[in-house]
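Coordinate analysis (summary)
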Amino acid sequence: MKIRLDNVVKEFETFRAVHGVSLDIDSGELVALLGPSGSGKTTILRMVAGLEYADAGAIYFGDENATDIPVRERGVGFVFQHYALFPHMTVGENIAFGMKVSKIKRSPQAIAARVKELLDLVQLSGLKDRFPGQISGGQRQRVALARALAVDPRVLLLDEPFGALDANVRRDLRRWLRKIHDELGITTLFVTHDQEEALDLADRVVILNKGKIVQEGTPETVCRSPADAFVMNFLGDANRLEAEIRGGKAHVDGIAFEADGIADGSGQILFRPADVTWREDGQGIAASIVRVIDRPDSRRVLAMTRSGQAVEFDTAPEFPHRRGDAGFLDIRRPRVYAAA
Amino acid sequence: MAHHGKGKPPRVGDHPLFRRALLTFVLVLVGLMIVAPLVVIGVEAFSKGVAYFGASIADPDTRHAIMLTVITALIAVPVNTAFGVAAAWAITKHDFPGKRLLTVIIEIPFSVSPIVAGVAYLFVFGLQGLFGHALQAMEIKILFALPGIVLASMFVTAPFVARELIPLMQAQGRDLEEAATSLGASGWRTFFSVTLPNIKWALLYGVVLCNSRVMGEFGAVSVVSGNIRGQTNTLPLHIELLYHDYNAAGSFAAASILAGLAIVTLVVKVALERQGAGRIQRPSALAGADTVTPEVKP
């Protein structure tokens, strides 16, 4: 099922508003809505689900205008952040619930067979008669997914699906969800504030800030060509140096960087900590080391440029320099943007 | 684990002397204020023998008072239960202007003396009151009759169910209802198969409290009922009447019924809770962290 959002608007008195979002999701695609809290990503997801109604704009499922179809009839599977499993029902009853209340009448045998099939799919076959309070967080997550899939939804929507789980459980579940998605081919939209999760799982990442889409594209596109300083910062650790842009060049402490197509004035240079080489002499921005932090596989160096701007970069564990040493920062892959 | 020295408490704030003193204080007060009066009721009720107890209960006026109290409870408790569920539902699952005000208003009967409620009803429904003449013209008798008694009882007990439900339903949030709806359940279906099972213990507790208060209500009812023996006397009013008649044993016999009812309702509550406790989890325990069995890797 193809989904299209056409200039969807939702106003709130609080900060979660959505200001005119348009988005196309192809059938069978796995798309992440990525953004900081308050960026409106959950509100968008809830509008697609029909749990909230848009103030303006339209949402299409295929060619059908689904904007005003109530959630009951919209045919979406929604997985809640805290799973929202019914605590008084067993795992099996939770999964069967949607089929029991459905307008499509199914025989108890058919429901039982489908429950078994879904339990196998989410690899929880032995837990049918447990209550949600008796299983782990990761297992609850999978029950919630099975329950959402039981009604054969046209679209699967997940709100921070791994937000409440331990880091290692999270990674396993992520790979597993990708596998399930590839098997079922169901159009899936999920919300996350964790960039690693979005990049790891999604075909396409939609990055939101303050209720607007700032960039959308494959993980490769958003990582390699971040549209602006916000995306660059949000996707990972980034250093920022203030620069002055003159005639297509960005100048920092006497060093010039390419800045094609950026208007003259104040600007900024962003780069990843891994894209810095420390040189004892030669080219680069003059700096001195403030602190060296040891990590299992590397050393993180905190340095200060001559103009007093802080830079952090990663080096091999063998990095021999110490606090107070002077040298030069050789920056690879700098990204130049106009000042915010 | 190191041995702790003699005279040192095992934990901070757990000094044996303090613990004993605290426990003694609480036990003495419980004995004096709660247990002793109940024992006195039982002893006094049977002070003139079982036969006299039986005769006191069988007295037509006493029987009528019991009936009236039961009828009042049968009307007031269901109505207030429905009100409590509706109010808690509205307050916790919906946003509307004046929500806080409503929450405060619902609690008013707790802070207002019941006698004030009774007097207020006199002013509204009494002959000199707002609707007095209209009601008289239509020959509807509210005061000094069953409707007045029920209304006064309902006023006093209005907050009981809502008050038990609101914190619980607030903690539960709307997720479960949204999940049920997204799975295709109708509003009624969602209420009966998702909301109700998760609030039933709190609801039951509220109903039990509401019931014992309705049956025991004195102040408000005494103003609006008119104390007509054998007609508008509820059990608590009848007890007072008997007492003023210097019929102490009869009064205590009637009181023992009320006390007995209270004990029965409490026992019922405890029994029901215990029956379900093995199967039903307190939703609050589920809302929080994942503290159960370790993850089984897929």
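Each remark here, short or long, concerns the structure printed above.
Reference entry: report on the structure contained in this document.

Rules and cut-offs
Residues numbered from 1 in each chain as written. Chains lettered and ligands numbered in written order. Predicted model: local features only at pLDDT ≥ 70, side-chain atom pairs only at ≥ 80, totals over all residues. Heavy atoms only, no water. Contact = heavy atoms within 4.5 Å. Buried area = accessible area lost by both parts, 1.4 Å probe. Salt bridge = Lys/Arg side-chain N within 4 Å of Asp/Glu carboxyl O. Polar contact = N/O pair within 3.5 Å; in protein donor to acceptor, adjacent residues only side chain to side chain. Helix = DSSP H or I, 4+ residues; strand = E, 2+ residues; numbered from the N terminus. Pairing = 2+ DSSP bridges. Axes fitted to C-alpha atoms, helices over the stretch in contact; angles between N-to-C directions. Core = buried A, V, L, I, M, F, W, Y, C linked by side-chain atoms within 4.5 Å. Buried < 20%, exposed > 50% of the residue type's maximum accessible area, 1.4 Å probe, protein only.

Bringing the interface of chain B and chain A into the picture now. Each partner contributes to the interface: chain B provides 28 residues, whereas chain A provides 37 residues. Carbon and sulfur atoms supply 60% of the area that chain B and chain A bury against each other, a total of about 3000 Å² over both sides. At the junction of chain B with chain A, the criterion picks out one salt bridge. Its salt-bridge partner being Arg-46 of chain A, residue Glu-178 of chain B comes within 2.6 Å of it at the nearest N-O pair. Our count for the contact surface shared by chain B and chain A stands at five residue pairs in polar contact (both at pLDDT 80 or more). Of all the elements in the fold, those that place two or more residues in the side of chain B that touches chain A are α9 (175-182) and α10 (187-216) of chain B. A total of seven residues in the side of chain B that touches chain A trace back to one element, the largest contributor, which is α9 of chain B.

What follows is about the sheet that holds strand β12 (residues 249-252) of chain A. Residues and elements named next belong to chain A. One open sheet accounts for five strands, arranged β13-β12-β11-β14-β20; its pairing is antiparallel. Single-partner strands in this sheet number two, and they are β13 (255-258) and β20 (335-338). Going across the sheet, the axis of each strand differs from the next one's by a mean of 40 degrees, ignoring polarity. Bridge count between strand β11 (residues 239-246) and strand β14 (residues 265-271): seven bridges; the pairing is antiparallel. Looking at the pairing, Ile-245 lines up with Gly-265 of β14.

Glancing now at the nonpolar core. Counting residues in hydrophobic clusters, the biggest one holds 45 residues, and the most contacted among them are Ile-95, Leu-145 and Leu-156 of chain A. A per-element tally of this core places helix α5 (residues 137-149) of chain A first, with six residues. With sequence-adjacent residues up to four places away left out, Ile-95 of chain A is seen in contact with Val-115, Leu-118, Leu-119, Val-143, Ala-146, Arg-147 and Ala-150 of chain A. Core analysis: the next-biggest nonpolar cluster, separate from the first, contains 40 residues, Leu-5, Phe-80 and Leu-189 of chain A together with Leu-176 of chain B among them.

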